Protein chains: 2
Amino acid sequence: MEILRDLMFGRYQVKLEAQWIVGFVDGEGCFHVSVNPHAEMTVGFQVLPEFTVVQHKRDVQILHALKAHFGCGVVRVNHQDRMAYRVRGQEHLRERIIPFFMNHPLKTKKNVEFLKFRDVLFLMEKGAHLTADGLAEIRKITASMNRGTISQDKVRLIGKPIER
Amino acid sequence: MEILRDLMFGRYQVKLEAQWIVGFVDGEGCFHVSVNPHAEMTVGFQVLPEFTVVQHKRDVQILHALKAHFGCGVVRVNHQDRMAYRVRGQEHLRERIIPFFMNHPLKTKKNVEFLKFRDVLFLMEKGAHLTADGLAEIRKITASMNRGTISQDKVRLIGKPIER
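Residues numbered from 1 in each chain as written. Chains lettered and ligands numbered in written order. Predicted model: local features only at pLDDT ≥ 70, side-chain atom pairs only at ≥ 80, totals over all residues. Heavy atoms only, no water.

Asks: So what exactly am I meant to see when it comes to the pattern of salt bridges here?
Replies: Pairing of side chains with opposite charge becomes possible as their charged atoms draw close. For the structure on display, the rule yields eight salt bridges over all chains. Across the salt bridge formed by Lys-107 of chain B and Glu-17 of chain A, the nearest N and O atoms sit 3.1 Å from each other. Residue Lys-107 of chain B is found in the loop between α4 (90-103) and α5 (110-125), and its partner Glu-17 of chain A is found in the loop between α1 (2-8) and α2 (18-28); the two belong to separate chains. On the basis of relative accessible area, Lys-107 of chain B is assigned to the buried category, the value being 19%. Owing to a relative accessible area of 35%, Glu-17 of chain A belongs among the partly exposed residues under this scheme. Asp-119 of chain A is paired through a salt bridge with Arg-118 of chain A; the nearest N and O atoms lie 4.0 Å apart. Overall, Asp-119 of chain A belongs to the partly exposed group, its relative accessible area being 32%. (Salt bridge = Lys/Arg side-chain N within 4 Å of Asp/Glu carboxyl O. Helix = DSSP H or I, 4+ residues; strand = E, 2+ residues; numbered from the N terminus. Buried < 20%, exposed > 50% of the residue type's maximum accessible area, 1.4 Å probe, protein only.)

Given below as structure tokens:
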């Protein structure tokens, strides 16, 4: 009866297998680092890494299932009828997202982006984004990421990246 | 040494887990049926079901891995720098693609499209596409498929569908 009620009220939680998540993120996921001018930062820039999966709102339950699986992040409107699952917290990225994709590697070239994304987060853990030299190192990595692969959804979500 | 040589010559075959395929197809796959005017058919129309996965050419090895997994279909240029894995053979669709996605159900709303796609193939197996009544039944199903979900890649690949 409980399950029936959950189904009726759309509360039924889809259970996701690790390999399904890898396949879906190989198709729909995005690992992105934006470096934006920011007056309050000593080095003048803020580094913002984020992991995103965008879907039409008809499949918002899948985004909630990803959120439940990783135990972090938010599900928000992205653009018009598109929704996004998004993780921005550095600790969540380092402790939940990165270990998952290290244990279950992506099979497309998106894995190259993921490994660069991980490099940036490791540098940030050491405070590299707070020094001019460290920031230069991070910008060198981000300049080589997502070249020509960034989706329109992503551009709308994060604004025009300044790195390209 | 054999593996090294295969890696060097790009012959290394990516092995795909069933759930990875489900996740990837949930994101990138398309089940489509086009109904096109055709002078040589008694009923005046040809029914063409096809399963497609489109990717940037940088990930063509994934499309070849899908082809190897299903043991049918072709990998072809789709549009500009995009490639497509495509299965059009009715027997291959009925005996390889449909049983796979019946055993490993899609988790997004794409499963609704898949089940309609399957209905059309079962009708075609009974020869429904060769009679006026059967064709009407098929067109009723296809008219409710892929509404607003068809990608630009897909439109380029198959031409403008006459059903919408």
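Asks: I would appreciate a short explanation of the sheet that holds strand β3 (residues 74-79) of chain A in the present structure.
Replies: Across a sheet, strands are paired by hydrogen bonds formed along the backbone, either parallel or antiparallel in direction. All names here are of chain A. A sheet is described by the order of its strands in space; here four strands give the open sequence β1-β2-β4-β3, paired in antiparallel fashion. Of all strands in the sheet, those bounded by a partner on one side alone are β1 (29-37) and β3. Between one strand and the next, the sheet's axes are offset by a mean angle of 40°, whatever the strand orientation. Judged from the five bridges that link them, β3 and strand β4 (residues 82-87) form a sheet pairing that is antiparallel. (Pairing = 2+ DSSP bridges. Axes fitted to C-alpha atoms, helices over the stretch in contact; angles between N-to-C directions.)

Asks: Could you clarify how one ought to interpret the relation of the copies chain B and chain A in this entry?
Replies: Two chain copies, one operation linking them: a rotation about an axis together with a shift along it. In the superposition of chain B on chain A (RMSD 0.0 Å, axial shift 0.0 Å), the rotation amounts to 180°. Within this description, the copies of the chain are treated as partners about a two-fold rotation axis. When the interface residues of chain B are mapped onto chain A, 100% of them are again interface residues, pointing to one common binding face. (Least-squares fit on C-alpha atoms with pLDDT ≥ 70 in both. Contact = heavy atoms within 4.5 Å.)

Asks: Please explain the environment of Ile-138 of chain A as it appears in this structure.
Replies: All names here are of chain A. The topology assignment puts Ile-138 in helix α6 (residues 132-143). Counting along the chain gives 14 residues from Ile-138 to Met-124, while the straight-line C-alpha distance between them is 8.6 Å. Once residues lying within four places of it in the same chain are set aside, the contact partners of Ile-138 are Val-47, Val-120, Leu-123, Met-124, Ala-128 and His-129.

Asks: Can you help me understand the packing of aromatic side chains in this one?
Replies: How two aromatic rings sit relative to each other is set out by the distance from centre to centre and by the angle between their planes. Counted by the stated rule, this structure contains 25 aromatic pairs over all chains. Pairing Phe-100 of chain B with Phe-101 of chain B gives two aromatic rings, centres 4.9 Å apart and planes at 85°, and the pair type is edge-to-face. Pair check on accessibility: Phe-100 of chain B and Phe-101 of chain B agree, each one buried. Here a set of aromatic residues connected by ring pairs shows up, and it is made of Phe-31, Phe-51, Phe-70, Tyr-85, Phe-100, Phe-101, Phe-114 and Phe-117 of chain A. (Phe/Tyr/Trp six-rings, centres within 6.5 Å; stacked < 30°, edge-to-face > 60°.)

Asks: How should I be thinking about α5 of chain B in this particular structure?
Replies: Every α-helical turn comprises 3.6 residues, leaving residues that sit three or four positions apart pointing alike. Residues and elements named next belong to chain B. With 16 residues, α5 ought to run about 22 Å at 1.5 Å a step, and its terminal C-alpha atoms sit 23 Å apart, in line with that. Taken residue by residue, α5 has Lys-110, Asn-111, Glu-113, Phe-114, Phe-117, Val-120, Leu-121, Leu-123 and Met-124 as its buried positions. Packed against the buried residues of α5 are α2 (18-28), β1 (29-37), β2 (45-56), α4 and α6 (132-143). Following α5 by one or two positions, Gly-127 adopts a phi angle in the positive range, close to 80°. (Expected span 1.5 Å × (residues − 1).)

Asks: I tried to follow the pairing of β2 of chain B on my own but got confused; where do I start?
Replies: Side-chain positions along a regular strand alternate between the two faces of the sheet. All names here are of chain B. Of all the twelve residues making up β2, nine are buried; the element is thus mostly covered by neighbouring parts of the structure. Two elements, β2 and strand β4 (residues 82-87), share six bridges in a ladder whose sense is antiparallel. In the strand pairing of β4, Phe-51 is matched with Val-87.

Asks: Help me understand the sheet that holds β2 of chain B in this model?
Replies: Residue and element names in this part refer to chain B. With antiparallel pairing, the four strands of this open sheet are ordered in space as β1-β2-β4-β3. Bordering the open sheet on either side are β1 and β3 (74-79), each of which pairs with just one other strand. On average, adjacent strands in this sheet sit at an angle of 40° to one another, irrespective of strand direction. Where β1 lies against β2, nine bridges are found, and the strand directions are antiparallel.

Asks: What should I look at first to understand the interface of chain B and chain A in this one?
Replies: Interfaces are often sized by the amount of accessible area the parts lose when they come together. Contact with chain B, which involves 21 residues of that partner, is made by 21 residues of chain A. Of the roughly 1700 Å² buried between chain B and chain A on both sides combined, carbon and sulfur atoms contribute 57%. Linking chain B to chain A there are two salt bridges. In this structure, the connection of chain B to chain A is made through eleven residue pairs in polar contact (both at pLDDT 80 or more). If you list the elements that add at least two residues to the side of chain B that touches chain A, you get α2 and α3 (60-70) of chain B. Here the residues of the side of chain B that touches chain A sort into six nonpolar, seven polar and eight charged. (Buried area = accessible area lost by both parts, 1.4 Å probe. Polar contact = N/O pair within 3.5 Å; in protein donor to acceptor, adjacent residues only side chain to side chain. Nonpolar A, V, L, I, M, F, W, Y, C, P; charged D, E, K, R; others polar.)

Asks: Mind showing me how you'd approach the state of the cysteines here?
Replies: Structurally, a disulfide amounts to a covalent bond that connects the sulfur atoms of two cysteines. Residue and element names in this part refer to chain A. One pass over the full model with this rule turns up zero disulfides over all chains. Free cysteine: Cys-30, not disulfide-bonded; nearest cysteine sulfur from Cys-72 at 16 Å. The class for Cys-30 is buried, based on a relative accessible area of 11%. (Disulfide = S-S within 2.5 Å.)

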